[in-house]
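# Analysis of the macromolecular model
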Amino acid sequence: MFNIERSTLTEYLIDQRRHHPEATGELNALILQVAQACKAISRAVAHGALADMLGDHGSANVQGEQQKKLDVLADGIFLRATHWGGGLAGMVSEENEAPIPLPAGHARGKYLLVFDPLDGSSNIDVNVSVGSIFSILRAPTPGEDAVANDFLQPGTRQVAAGYAIYGPSTMLVLSVGTGVAGFTFNPILGDFFLTHPDIRVPDSTREFAINASNSRFWEPPVRRYVDECLAGHSGPRGADFNMRWIASLVAETHRILMRGGVFLYPRDNKAPSRPGRLRLLYECNPIGFIVEQAGGRASTASGPVLEVKPEALHQRIGFVFGSREEVERVETYHADPTAGLERPLPLFNTRSLFSDNHAFSQ
């Protein structure tokens, strides 16, 4: 039975604005436009093969990655939903090399929008949850067209961030800097309703997510952390851990927000010229902002990811986030590889298959 007492997303944003009398309402309007885009993308994802929306588009994005039909559609939906409202000075998408030009004749506002229109698109054809990620920053020169350098702001300067997840139900998870709230989409009424008013990440966990196929490329601190988790109750951690891997950042984030855990996509030796896999501006920063607003921790494995000063629009970086105790343990191992190591682990035995020299010679 639907609870008619639940607040809508609009009502929630109005209530948040009451705490900031100086606010003009432009931020609320922009977030509602993003939510409208997410509703449209949700419908497209749900129709899938029925609307001939599965499969490759036949082109590659700026990352050199093969675009799916829904990648291109979702990018266009975000653009159409947000460019007309007058709140933006510019926007950047994963699917475009440079900032997206705003239409001539439209007012320029005081915000910047950075987004991944459809994260996890490699899972579309197998019907696994995917999502959209967005970040909102203040424009350095409000009222004027933004240039690329305007977007190169650390994650600490985000005004708001969120993601939509398209799964068994569609949810919008949002932070405007005062905690994290989750809204579930009611397709009959066509609106998002507040269902998770104060999402908090548990401080500790017994669950971790990592792509184990890259283990031969991991740095020693990461291999040590995973080895300890896999050792289970009889190992150094004295507890059994479960390993998860969905290969969809939004789905991984949502699971961690709902029940705790730690996600690792660290820097490794697979491509030495690329210091990570995930993109800083429109993946790591918004997810990091949400996780930290929910009481978790977001890191590069060496320090807070939100403090990193971006150097390029599509910069990649190592990313570890989730339950605070586990992320801090990973950071400790990077800062001091011998910390808490009372006895040698097989992982670091020089005669082991996984010795440093062997692992990094692959």
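Criteria and thresholds
Residues numbered from 1 in each chain as written. Predicted model: local features only at pLDDT ≥ 70, side-chain atom pairs only at ≥ 80, totals over all residues. Heavy atoms only, no water. UniProt positions renumbered as here; feature names shortened; annotations may be inferred. Helix = DSSP H or I, 4+ residues; strand = E, 2+ residues; numbered from the N terminus. Expected span 1.5 Å × (residues − 1). Core = buried A, V, L, I, M, F, W, Y, C linked by side-chain atoms within 4.5 Å. Buried < 20%, exposed > 50% of the residue type's maximum accessible area, 1.4 Å probe, protein only. Contact = heavy atoms within 4.5 Å. Pairing = 2+ DSSP bridges. Axes fitted to C-alpha atoms, helices over the stretch in contact; angles between N-to-C directions. Phe/Tyr/Trp six-rings, centres within 6.5 Å; stacked < 30°, edge-to-face > 60°. Lys NZ or Arg CZ within 6 Å of the ring centre and 35° of its normal. Salt bridge = Lys/Arg side-chain N within 4 Å of Asp/Glu carboxyl O.

Per an unreviewed UniProt entry, the protein is named Fructose-1,6-bisphosphatase class 1, and its organism is Parazoarcus communis. Annotation of the protein in UniProt includes, under Subunit (unreviewed entry), the sentence "Homotetramer." Looking at the protein in UniProt, the text filed under Catalytic activity (unreviewed entry) is "beta-D-fructose 1,6-bisphosphate + H2O = beta-D-fructose 6-phosphate + phosphate".

On to helix α2 (residues 26–47). Its 22 residues give α2 an end-to-end C-alpha distance of 32 Å, which sits within 8% of 32 Å, the value for a rise of 1.5 Å per residue. Count one or two residues on from α2 and you reach Gly48, which has phi positive near 45°.

Let us look at the nonpolar core. Membership of the largest hydrophobic core comes to 40 residues, with the highest contact counts inside it found for Leu113, Ile136, Leu172 and Phe183. Of the residues forming this core, the biggest block, 9 residues, is contributed by α2. The contact partners of Phe183, leaving out residues within four places of it in the chain, are Thr8, Leu9, Tyr12, Thr170, Met171, Leu172, Leu174, Phe192, Phe193, Leu194 and Thr195.

This part covers the UniProt feature "binding site: substrate" (unreviewed entry) in the protein. Those places that UniProt annotates as "binding site: substrate" (unreviewed entry) correspond, in this numbering, to Asp119, Gly120, Ser121, Ser122 and Asn211. Relative to the helices and strands, Ser121 is located in the loop between β4 (111–119) and β5 (130–138). With respect to the helices and strands, the residue Ser122 is situated in the loop between β4 and β5.

Here 7 strands make up an open sheet; going across it, the order is β3-β4-β5-β6-β7-β8-β9 and the pairing mixed. The open sheet is flanked by β3 (88–93) and β9 (191–196), the only strands paired with a single partner. Averaged over neighbouring strand pairs, the angle between their axes works out to 20° when direction is ignored. As paired strands, β5 and strand β6 (residues 160–166) are joined by 7 bridges and run antiparallel to one another. Paired with Ile133 across the bridge in β6 is Tyr163.

Take the pairing of β4 next. A large share of β4 lies buried, amounting to 9 of its 9 residues. Bridge count for β4 against β5 is 7 bridges, and the pairing is antiparallel. Pairing of Asp116 across the sheet is with Ile133, part of β5.

Turning our attention to the packing of aromatic side chains. Applying the stated criterion to the full structure yields 8 aromatic pairs. Arranged with centres 5.2 Å apart and planes meeting at 50°, the rings of Phe185 and Phe192 form a pair that is tilted. The same class applies to Phe185 as to Phe192, namely buried. The rings of Trp245, Phe263, Tyr265, Phe319 and Phe321 are connected pair by pair, giving a single aromatic cluster. The residue whose ring lies beneath Arg224 is Tyr333, and the NZ or CZ to ring-centre distance is 3.7 Å.

Let's shift gears to the environment of Leu194. Mapping Leu194 onto the fold places it in strand β9. By relative accessible area, Leu194 is classed as buried at 15%. For the pair formed by Leu194 and Ala181, sequence separation is 13 residues and the distance between their alpha carbons is 7.3 Å. For Leu194, the contacting residues outside a window of four places in its chain are Arg6, Ser7, Tyr12, Ala181, Gly182 and Phe183.

This model, assessed by the stated rule, comprises 13 salt bridges. The salt bridge partner of Arg259 is Glu207, with a shortest N-O separation of 3.2 Å. A residue pair is termed long-range when its members are at least 10 positions apart, and Arg259 in helix α5 (residues 249–259) and Glu207 in strand β10 (residues 207–210) qualify at 52 residues. Owing to a relative accessible area of 49%, Arg259 belongs among the partly exposed residues under this scheme. Judged by its relative accessible area of 11%, Glu207 falls in the buried class. Close ionic contact of Arg267 with Glu219 constitutes a salt bridge, the shortest N to O distance being 2.7 Å. In this pair, Arg267 sits in the loop between β12 (262–265) and β13 (278–279) while Glu219 sits in the loop between β10 and α4 (220–231), placing the two residues 48 residues apart along the sequence. Overlapping salt bridges bring together Glu207, Arg244, Glu252, Arg255 and Arg259 as one network.

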